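# Structural overview
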Amino acid sequence: MYWSRFLSLHALWVTVSSMMQHYPSVWGHYDVCKTQIYTEEGKVWDYMACQPEARDMIKYVKVTLDPPDITCGDPPETFCAMGNPYMCNNECDASTQELAHPPELMFDLEGRHPSTFWQSTTWKDYPKPLHVNITLSWNKTIELTDNIVITFESGRPDQMILEKSLDYGRTWQPYQYYATDCLDAFHMDPKSVRDLSQHTVLEIICTEEYSTGYMTNSKIIHFEIKDRFAFFAGPRLHNMASLYGQLDTTKKLRDFFTITDLRIRLLRPATGEIYVDEQHLARYFYAISDIRVYGRCKCNLHATGCKEENKRLLCECEHNTTGPDCGKCKKNYQGRPWSPGSYLPIPKGTANICIPSISSIGTNVCDNELLHCQNGGTCINNVRCQCPPAYTGILCEKLKCERDPGGCGQNSGQGAMAHRPLVLLTALLAAVGLCTW
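As a starting point, this report considers the structure included with it. Each residue is numbered by its place in its chain's sequence as written, counting from 1. Reporting in this predicted model follows two pLDDT cut-offs: at least 70 for local features of residues, and 80 or more for side-chain atom pairs to be given and counted; totals over whole chains, interfaces and linings ignore these cut-offs and use all residues. The basis for every side-chain value is the complete set of heavy atoms in the structure, and neither hydrogens nor water enter the calculation.

### Topic: the pairing of strand β18 (residues 312–315)
If DSSP finds at least two bridges between two strands, the strands pair. Only DSSP runs of H or I with at least four residues qualify as helices, and only runs of E with at least two residues qualify as strands; both kinds are numbered from the N terminus onward. Across 4 bridges, strand β17 (residues 306–309) lies against β18 in antiparallel orientation. When the bridges of β18 are listed, E309 appears paired with R312. The turn linking β17 back onto β18 is made up of 2 residues, and N310 within it adopts a positive phi angle of 55°.

Structure representation (C-alpha cells):
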C-alpha cells in the first residue's frame, strides 16, 4: 500500500515538474506544443496550443522598389546636406561604394560611421510628383508583435502611407496615413493612437506626429503595435491573457496584426515649408537608414519553430499538421476537419490536433503520437503492437483471460483488471476519431 502511494506521488511530482518547466510565470507565451503526463493508462501526451518566438523579421525580407530606377547614383548627382539644406555639394554615385546608397542599406547593421542609408533621386522633375513604393515581402504569413519603425536620414516625408497585404501583394489595405496636414493631404482629421480605444482600435487614422521636416531629433516614424496591444493588455502589457483572449475570439483583430507584405508609399518628400524652392530641387529626396519589423511566423498555434528553407520561411508543424502555416492535416490524420489552435483556456490553450483517419488504421496501427500501444505494449514499425503476456488486441487493449472459459475471475490473477477493457476501448475510439470527448 505504501509503495503504491509512493509511486502515485512520484508520478504526480513528475507531472507537476514537467508542467513547471514549460509554463512561464507570465501566462501567454505558448512556447511548448506538448508534454508527457502520467495517467492510469500510463505516460501519454498532453497537447497545448503553441507558437514560435518573436524575432527580427527583416532578416528574411525581400525588398522591391517602384519605380525600379528611383535609387540615386545612376547617373551620379549632387544633393544637399541632411542638416543644412543649402549646402548642396554631396554626391551620390552608384559606381563608387563610398558614394552609393542601394536599397540593402535600409537593413544593414547600424552604428557604423558614417551611417549608411538608401537614398532616392532628388526631385529634379518637379512639379511631377516624387512617388516611391518600397515593398517588403516575406512570402510567409507573419504576426506583428512590436512597433514598425522607419528611420529617415532625410527629413520625414510630408505625405506617406503605410499599407499591408494579407495575400502576398495581390491586394492592399491602408495601415496608417502620415502627413504634415492630414486634412489637406488625405481629407482626414488628424489623430493619434492615444485617441483610440478598445472599440476603435481597428480604425485607420492619419497622424501628423511624424511628419516634421529637417529636424535632427525627428528622424523616426512609428506604426504603434504595442500601444494597440495595451488597450487589452494594460499599459505595460502585463495582462497578455486578456490580449490573447481578444485575439482568439475576434478574427478582425487577429487579422489586423497579420501580414504577408508591407508597402511604404512615399508621396511627397520633406519640404520644411509651404512652397517648393524650385531653385534648389536637390534639397528634396527620400533617404532611409533603418526599417525594423518584429513578429513571428503565423503557424495557427500548431508550432513553436519556424525555419528558413530555400529562402522561404516554413513552420515546423506539430499536432499532426503540415503546410507552410500548418494549415492542414497530414496524410492519414484527417479523422476530423483541420482547425487552428486556440489561445483559450489560458494558459495552455486548445491544441485542436489532427487525429488519425479511420481508413488509416489498417496501415498505421500504432505510433508515438496518438495510437499508443496500451498496458506496456511496444509499437513495432507502426504496423503492430507487441503486447505483454497478459494482453492482446490491436493496441494491447484486451485481457487474454477474457478468451478463457473461466473468464477473468479472481483466480485468474487478472480479475482486478477486468474493468479496464471498456476504458481502453473508449481510448481507442477517441484516438481514431469516433469519440471526441
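Picking up where we left off.
### As for the side chain of Q176
Take Q176: it is sitting in strand β11 (residues 173–179). Counting of polar contacts relies on pairs of N or O atoms within 3.5 Å, with two restrictions inside protein: one atom must be capable of donating a hydrogen and the other of accepting it, and residues adjacent in sequence are counted only when both atoms are side-chain atoms. Separated by 3.1 Å, the side chains of Q176 and R228 make a polar contact. Sequence-distant contacts of Q176, defined by excluding residues within four places in its chain, comprise M160, I161, L162, V193, I204, I205, T207, H222, F223, E224 and R228. Contact definition: two residues touch when any of their heavy atoms are within 4.5 Å.

### Focus: the state of the cysteines
Where two cysteines share a covalent bond between their sulfur atoms, that bond is called a disulfide. In this description, a disulfide is simply a cysteine sulfur pair whose atoms lie within 2.5 Å. For the structure shown, the criterion picks out 10 disulfides. At a sulfur-sulfur separation of 2.0 Å, the disulfide partner of C72 is C92. Handedness here is read from the sign of the S-S torsion; for C72 and C92, about 75°, the answer is right-handed. In this pair, C72 sits in the loop between β4 (62–66) and β5 (77–79) while C92 sits in strand β6 (residues 90–92), placing the two residues 20 residues apart along the sequence. Each of the two residues, C72 as well as C92, counts as buried. Through a disulfide, C182 is tied to C206; the S-S separation comes to 2.0 Å. When the S-S torsion is -85°, as for the bridge of C182 with C206, the disulfide is left-handed. Residue C182 is located in helix α2 (residues 182–186), and its partner C206 is located in strand β12 (residues 206–207); the two are separated by 24 residues in the primary sequence. For the pair shown, C182 and C206 are each scored as buried. Throughout, exposure labels follow a simple rule: accessible area from a 1.4 Å probe, protein chains only, divided by the maximum for the residue type, with under 20% read as buried, over 50% as exposed, and the rest as partly exposed.

### Description of helix α3 (residues 225–233)
Restricting attention to buried positions, one finds in α3 the residues I225, R228, F229, F232 and A233. Projected onto a plane normal to the axis of α3, the buried residues spread over an arc of 130° and lie on a single side. Here the buried face of α3 lies against β8 (132–144), β9 (148–152), β11, β13 (220–223), α4 (240–249) and α5 (251–256). Looking one or two places after α3, you find G234, whose phi comes out positive at around 90°. The arc in question is traced by the directions running from the helix axis to the C-beta atoms.

### Structural notes on the packing of aromatic side chains
The pairing test for Phe, Tyr and Trp rings, Trp by its six-membered ring, is centres within 6.5 Å, and the orientation test on the planes gives stacked under 30 degrees, edge-to-face over 60, and tilted for anything in between. Counting across every chain of the model gives 13 aromatic pairs. Taking the centre distance of 5.4 Å and the plane angle of 70° together, the rings of F79 and F285 count as edge-to-face. With F79 in strand β5 and F285 in the loop between β14 (258–268) and β15 (287–292), this residue pair connects regions lying 206 residues apart in the sequence. The pair formed by F79 and F285 is uniform in burial state, with each residue classed as buried. An aromatic cluster is built from Y175, F223, F229, F256 and F257, whose rings are joined through pairwise contacts. Geometry around W172 places R263 over its ring, the cationic atom sitting 4.3 Å from the centre. Only lysine NZ and arginine CZ atoms are considered, and such an atom sits over a ring when it is within 6 Å of the ring centre and within 35 degrees of the ring normal.

### Structural notes on the pattern of salt bridges
Each reported salt bridge corresponds to a side-chain nitrogen of Lys or Arg within 4 Å of a carboxyl oxygen of Asp or Glu. Applying the stated criterion across every chain yields a total of 14 salt bridges. Among the salt bridges present, the one from D255 reaches K251, with a minimum N-O distance of 2.6 Å. You can see D255 and its partner K251 sitting in helix α5, 4 residues apart, about one turn around the helix. Here K251 falls in the exposed class, since its relative accessible area comes to 52%. The closest approach of N and O atoms between E309 and K307, which form a salt bridge, is 3.4 Å. Accessibility expressed as a relative area gives 36% for E309, which makes it partly exposed. Residue class for K307 comes out partly exposed when judged on its relative accessible area of 36%. One salt-bridge network, held together by shared partners, links E163, R263 and R265.

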